[in-house]
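Chain by chain, the residues:
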Amino acid sequence: MARDSQAALVALNRFGFGARGGASGDLVNASSDPRGFVKAELSRPNGVLLEAPGLQSTPQLGQAVFAYQDQVKQAREAAKAAAPAETPPADQNSPLRRNLSLNAAAEITGQMADAKPTGDAPKPETMQPSVAAPPGAKPAPQPLNVIQKTFRAEALARLQRATLVECGFTERLVAFWSNHFCISASKGELARIWAGAFEREAIRPHVLGRFADMLRAVEQHPAMLFFLDNQQSFGPDSRAGQNRKRGLNENLAREIMELHTLGVGGGYTQGDVTSLARIITGWTFAGRQGQLGVPGSFVFNTNAHQPGPQVLLGKTYDQAGLAQGEVALADLARHPSTARFIATKFVRHFVADEPPPALVARLRDVFVRTDGDLKALATTLVDSDEAWKAPLTKLRSPYDFLVASGRLLARVPEDPGAYLNNLNLLGQPLWSPPGPNGFPDSSAAWAAPEGIKLRLDIAAQIGARLGNNIDSLDLLEFAAADAASAETRRTIERAESRQQALALLLMSPEMQRR
C-alpha cells in the first residue's frame, strides 16, 4: 500500500494539482493504476477546451476595448467642454495631469482592480471571496469596466477548471504551454482583455495536437502580435514602409527563434532574426476602423510585407505573402534544435530542475519522429520510469500552490479576486510574467525566504478562517495517505490548534513539492 500511495502522490502532484478533498477518492483511484489515472485525461482532447458563459472571442473583445476607449474619450471631452472657463489649469505634477493618455488611464484602472493589498486594504484571503463589510463601513466600490470584468471572468473560468478537474494533467499542460508562449496582460488594455482568449484560442486547441499548429496559432494571434509589437513592423521596401518611413521591428522574430522554437544556441544568427522579421512583416490585426478586416482579428497586410525572397537558416523562401511566413514557421517547428529545446523544457517542468539526459533524448526523438505530436510527447513522459522514480523535489509555483490548496479544501472559487491578489503577492501575477521568457521554472526561483514567508502567511490566513472545522490529519490522508512522512504527521499532531494544524499541512512537503 505504501508503494501504491507513493505512486499516487507522484501522479497527483507531479502531473496534476494534487488530490481533491471531500469524498472524491482521488488518491484511491490513482493508487490502483497511477499511469492510467494520469493518461486518462489525454484520451479526452475536447476536455482541454474551455468554454464558459460570457467568454468572448478575440475580435469581440477587441471591439469591446475600442468601444470602451471611445466612451472614455467622449466623456473626457464632454467634461472638458463643461468645465468653467475660470478653472485653473491642472497641476503639471498631479497624477491626473501625468496620466492623460487613455492607455495609461485604463492601465491604472486595471491595476487597481487586481493590485497587491497595501496600506489599509483588507488582508488577502484565498479560496473564497471575503465577507462583505457592514453597511456604511466603506464607500461602495467603483463598477468594473469591460477590461476588468473580462480579465476576472477568464481567470475564474481557468481557476474553476483547475480546481474541479480529476487529475489536472491537461491543465498543467495548458499552464506549461501558456508560459512557454507567454504574453503579458500588463502590456496594455488589449493585452489584458485578450490574455484569457489567447490561451483559450491559441493554446488549448493544440495542447494534444501538433506543435507546428500551436506555433502558427500563437504567432498569428492578435495578443502575441500586440505583445511583441509586430503590428509596428514594416518591410523597408514595402509600400507602407516607404510611405510611412517605417522599418522592421524584430521583437517577435527574435522571440520566435530564441524562446518559442530553436532556443539560445539553437544555431541561428542575428541575420536570421532580421530575415524572419522581414518574412513576417504584414502579420498584424485589424484596428478600430476595420479597414483591413473585422476589428481585433488577425489580418495579413500585403502593403506592409517586405517583397521578395528571404534566406533563413540557409534556406531560401520565395513564397509570396502570408505563405512565406507560414512555411518558415513550419520549418522552425521541425528543426532539430526545436525538438531538443522543447524536450528539455518539458522534462525540467515536470520532473527535475536538472533534466535527466536520457529522458530528454527520448522525448526529443519522439518529437522528431511524430512531427511534433504533443500528445505523444506527454504520453512518453508519463510512460517513462524516470518521471516516477525522481523524488518530489520541485517546489510548486505560487499558482500550483494556491490551486492545490483550493482542491484539497474542496473550495471551488466563486470570485477570482483572492487568488489574483495572492498571485500578485507571491510574484506570479496571472498572465503577467516579467518578460517574454515567462515565469521561471526552477525551485530556486520560488524558494526565496520572503516568498516562503508569504506562503506561510497565506496558509495561516486559510487556517484561521477554515481550520476550526477541519481535521488536518484526515485531510492528510486525502492528500498523501501512507506516502505522508512521519515527520509531517508528528508536526500536525503537535500543532497548538486546528487552525495551526491546517496551516502546517498546507506548508508541508506533501503540499509544497511536486
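Residues numbered from 1 in each chain as written. Predicted model: local features only at pLDDT ≥ 70, side-chain atom pairs only at ≥ 80, totals over all residues. Heavy atoms only, no water.

Undergrad: For this particular structure, what's the right way to read the overall build of the chain?
TA: Across its full length, the chain holds 27 helices and four strands. Within the span of the chain, comprising 514 residues, buried residues form 51% of the whole. With an accessible surface of roughly 22,500 Å², the chain has 53% of that area assigned to carbon and sulfur atoms. (Helix = DSSP H or I, 4+ residues; strand = E, 2+ residues; numbered from the N terminus. Buried < 20%, exposed > 50% of the residue type's maximum accessible area, 1.4 Å probe, protein only. Areas by Shrake-Rupley, 256 points an atom, 1.4 Å probe, with all protein chains shown as cover.)

Undergrad: Would you mind going over empty space enclosed by the protein with me for this structure?
TA: Where empty space is left becomes clear once a probe the size of a water molecule has been rolled over the atoms. A full pass over the atoms with the stated rule returns two cavities of 30 Å³ or more. The calculated volume of the largest cavity comes to roughly 380 Å³. In terms of lining residues, the largest cavity is bounded by 29 residues, among which Arg158, Ala175, Asn179, Gln428 and Phe439 are the most central. Every element with two or more residues in the lining of the largest cavity is listed here: α8 (169–180), α9 (189–203) and α20 (398–408). Broken down by element, the lining of the largest cavity gets its largest block of residues, five residues, from α8. Residues that form the lining of the largest cavity fall into these classes: 15 nonpolar, seven polar and seven charged. Approximately 60 Å³ is the volume attributed to the second largest cavity. What lines the second largest cavity is Leu9, Asn13, Phe17, Gly18, Ala19, Arg396, Ala404, Leu408, Ala479, Glu510 and Met511. (1 Å grid on protein atoms, 1.4 Å probe; cavity = no way out; pocket = protein on both sides within 12 Å on 5 of 7 lines; lining within 4 Å. Points joined across faces, edges and corners; volume = space filled by probe spheres on them. Nonpolar A, V, L, I, M, F, W, Y, C, P; charged D, E, K, R; others polar.)

Undergrad: What is the right way to read the pattern of salt bridges from this model?
TA: Between side chains of opposite charge, a pair can form when the charged atoms approach closely. Evaluation of the coordinates by the stated rule reveals 25 salt bridges. Asp385 is the salt-bridge partner of Arg35, the closest N and O atoms lying 3.1 Å from each other. You can see Arg35 sitting in helix α3 (residues 34–39) and its partner Asp385 sitting in the loop between α18 (374–383) and α19 (386–389), a full 350 residues away along the chain. Accessibility expressed as a relative area gives 41% for Asp385, which makes it partly exposed. (Salt bridge = Lys/Arg side-chain N within 4 Å of Asp/Glu carboxyl O.)

Undergrad: Honestly, the packing of aromatic side chains in this entry has me stumped. Any pointers?
TA: Aromatic rings considered in pairs are described by the distance between their centres and by the relative angle of their planes. Evaluated as defined, the whole model comprises 19 aromatic pairs. On the basis of an interplanar angle of 85 degrees and a centroid distance of 5.7 Å, the ring pair of Phe151 and Trp431 is categorised as edge-to-face. Here the residue Phe151 occupies a position in helix α7 (residues 146–164), and Trp431 occupies one in the loop between α21 (417–425) and α22 (443–446), the gap between them amounting to 280 residues. The same class applies to Phe151 and to Trp431, which are both buried. Here Trp194 and Phe285 contribute two aromatic rings whose centre-to-centre distance is 5.4 Å and whose plane-to-plane angle is 90 degrees, an arrangement assigned as edge-to-face. (Phe/Tyr/Trp six-rings, centres within 6.5 Å; stacked < 30°, edge-to-face > 60°.)

Undergrad: I would appreciate a short explanation of the packing of helix α10 (residues 211–219) against helix α13 (residues 251–260) in the present structure.
TA: Between two packed helices, the angle of one axis relative to the other and the distance separating the axes together describe the packing. Packing of α10 against α13 leaves a shortest axis separation of 12 Å and a crossing angle of 150 degrees. Here α10 lies roughly antiparallel to α13, going by the angle between them. For the pair α10 and α13, the crossing hand works out as right-handed. Taking contact as the criterion, the partners of Phe211, Leu215 and Glu219 in α10 are, on α13, Leu252, Ile256 and His260. Taken together, the residues that form the contact of α10 with α13 break down as four nonpolar, one polar and one charged. (Axes fitted to C-alpha atoms, helices over the stretch in contact; angles between N-to-C directions. Parallel < 35°, antiparallel > 145°, perpendicular 65-115°, else oblique. Left-handed = near helix turned anticlockwise from the far one by under 90°. Contact = heavy atoms within 4.5 Å.)

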